[in-house]
Amino acid sequence: MFTGIIESIGNIGSIIRHNEDLSIVVNTNNLDISDVNIGDSIATNGVCLTVSNLLPSGFTADLSLETYKRTTFHSYRIGQEVNLEKAMLPTTRLGGHLVSGHVDGVGEVIEFKRNGRAINIWIMVPTQLKKYLSKKGSVTIDGISLTINAIYQNVIKLTIVPHTLANTKIVNIDVNKKVNIEIDMMARYLEKLINVDRYESEKSSTVSTDLLERYGFIS
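Residues numbered from 1 in each chain as written. Predicted model: local features only at pLDDT ≥ 70, side-chain atom pairs only at ≥ 80, totals over all residues. Heavy atoms only, no water.

- The protein carries the name Riboflavin synthase in an unreviewed UniProt entry, which gives Photobacterium leiognathi subsp. leiognathi as its organism.
- Looking at the protein in UniProt, the text filed under Catalytic activity (unreviewed entry) is "2 6,7-dimethyl-8-(1-D-ribityl)lumazine + H(+) = 5-amino-6-(D-ribitylamino)uracil + riboflavin".
- The UniProt entry for the protein carries the following comment under Subunit (unreviewed entry): "Homotrimer." (UniProt positions renumbered as here; feature names shortened; annotations may be inferred.)

See the structure below:
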């Protein structure tokens, strides 16, 4: 679990491609990883990655094909800057909102404009996610906990304050830039509760009946 409060800006040091997935090396720069162990989680541009190896200047993590396809990682190159946050502790001050690091979709910046020392940005989100978003609700953009100031259909307006601009890679925002989006966790589970009967009655098209019978899910 994370809070969406970015601790450091790192970058991709290398990308190692395997047959069906890949591994990456993340240079953590000034992020203190002295208390990080192999198996711990670090949110990297909003994606929860498991540390598979610790290095003097960062860590290695494996990316599944699902993560690669569902997030902006498919377009990353060596040197790509990434927002970093270590997993929260029970004693952590919850300055943002509860973030799981499980990306729901990829959005696109369609406009940004200076507003004093802050910046207003407009992001077009996937149509299937718009029902989870509400004015003054929370959303995570590239791992950053942000408040939605306005919403029109599937476009949300966000205001980035000077501190966030100075401490995240969102300062490099540009039109057409793709960003990772995670909806508010409560919205996701609320939908499941409301539609529990429908979910229970649906059969998965990806699981065979033989497999379900074998493990006792159906008889």
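Next, the rest of the story.
**Considerations on the sheet that holds strand β5 (residues 58-63)**
For step 1, the next point in the chain: Spatial ordering of the closed barrel is given by β1-β2-β5-β4-β3-β6, a layout of 6 strands whose pairing is antiparallel. Direction aside, the axes of adjacent strands within the sheet are offset by 45 degrees on average.
For step 2, the next point in the chain: Taken together, the 3 bridges between strand β3 (residues 41-44) and strand β6 (residues 81-86) define a ladder with antiparallel strand orientation. Within β6, the position partnered with Ala43 by the bridge is Glu85. (Pairing = 2+ DSSP bridges. Helix = DSSP H or I, 4+ residues; strand = E, 2+ residues; numbered from the N terminus. Axes fitted to C-alpha atoms, helices over the stretch in contact; angles between N-to-C directions.)

**What to know about the nonpolar core**
For step 1, the next point in the chain: Membership of the largest hydrophobic core comes to 24 residues, with the highest contact counts inside it found for Ile123, Val139 and Leu158.
For step 2, the next point in the chain: Sequence-distant contacts of Val139, that is, excluding residues within four places in its chain, are made with His97, Leu133, Ile144, Ser145, Leu146, Ile148, Ile156, Leu158, Ile181 and Glu182.
For step 3, the next point in the chain: Core analysis: the next-biggest nonpolar cluster, separate from the first, contains 20 residues, Ile24, Val51, Tyr76 and Val82 among them. (Core = buried A, V, L, I, M, F, W, Y, C linked by side-chain atoms within 4.5 Å. Buried < 20%, exposed > 50% of the residue type's maximum accessible area, 1.4 Å probe, protein only. Contact = heavy atoms within 4.5 Å.)

**Section: the domain arrangement of the protein**
For step 1, the next point in the chain: The domains assigned to the protein are domain 1 (8-86) and domain 2 (105-186).
For step 2, the next point in the chain: With 13 residues of domain 1 at the contact, the number on the domain 2 side is 13 residues.
For step 3, the next point in the chain: It is Asn45, Thr72 and Asn83 that lose the most area in domain 1 upon contact with domain 2, and together they represent 46% of the buried surface on that side.
For step 4, the next point in the chain: There are 0 salt bridges connecting domain 1 and domain 2. (Domains from an automatic or database assignment. Buried area = accessible area lost by both parts, 1.4 Å probe. Salt bridge = Lys/Arg side-chain N within 4 Å of Asp/Glu carboxyl O.)

**Some thoughts on the UniProt feature "domain: Lumazine-binding" (unreviewed entry) in the protein**
For step 1, the next point in the chain: Per the UniProt annotation, the sites labelled "domain: Lumazine-binding" (unreviewed entry) are residues 1-97 and 98-194.
For step 2, the next point in the chain: Helix and strand shares over residues 1-97 are 6% and 42% respectively, and the end C-alpha atoms of the span are 10 Å apart.

**What about the UniProt feature "repeat: Lumazine-binding" (unreviewed entry) in the protein?**
For step 1, the next point in the chain: UniProt records the feature "repeat: Lumazine-binding" (unreviewed entry) at residues 1-97 and 98-194, using the numbering of this structure.
For step 2, the next point in the chain: Across residues 98-194, helical content stands at 16% and strand content at 44%; the span's end C-alpha atoms are separated by 21 Å.

**Comments concerning the pattern of salt bridges**
For step 1, the next point in the chain: With the rule as written, the count across this model stands at 6 salt bridges.
For step 2, the next point in the chain: The salt bridge involving Lys113 is made with Glu111; its shortest N-O contact spans 3.9 Å.
For step 3, the next point in the chain: Look at Lys113 and you get partly exposed, because its relative accessible area is 48%.
For step 4, the next point in the chain: You can call Glu111 partly exposed: its relative accessible area is 35%.

**Some details on the sheet that holds strand β10 (residues 144-152)**
For step 1, the next point in the chain: Strand order in the closed barrel formed by 6 strands is β7-β8-β11-β10-β9-β12, with antiparallel pairing between adjacent strands. The mean angle between the axes of side-by-side strands here comes to 45 degrees, regardless of whether they run parallel or antiparallel.
For step 2, the next point in the chain: Inspection of the sheet shows strand β8 (residues 118-124) paired to strand β11 (residues 155-160) by 6 bridges, in the antiparallel sense. Bridge pairing links Asn120 to Thr159 in β11.

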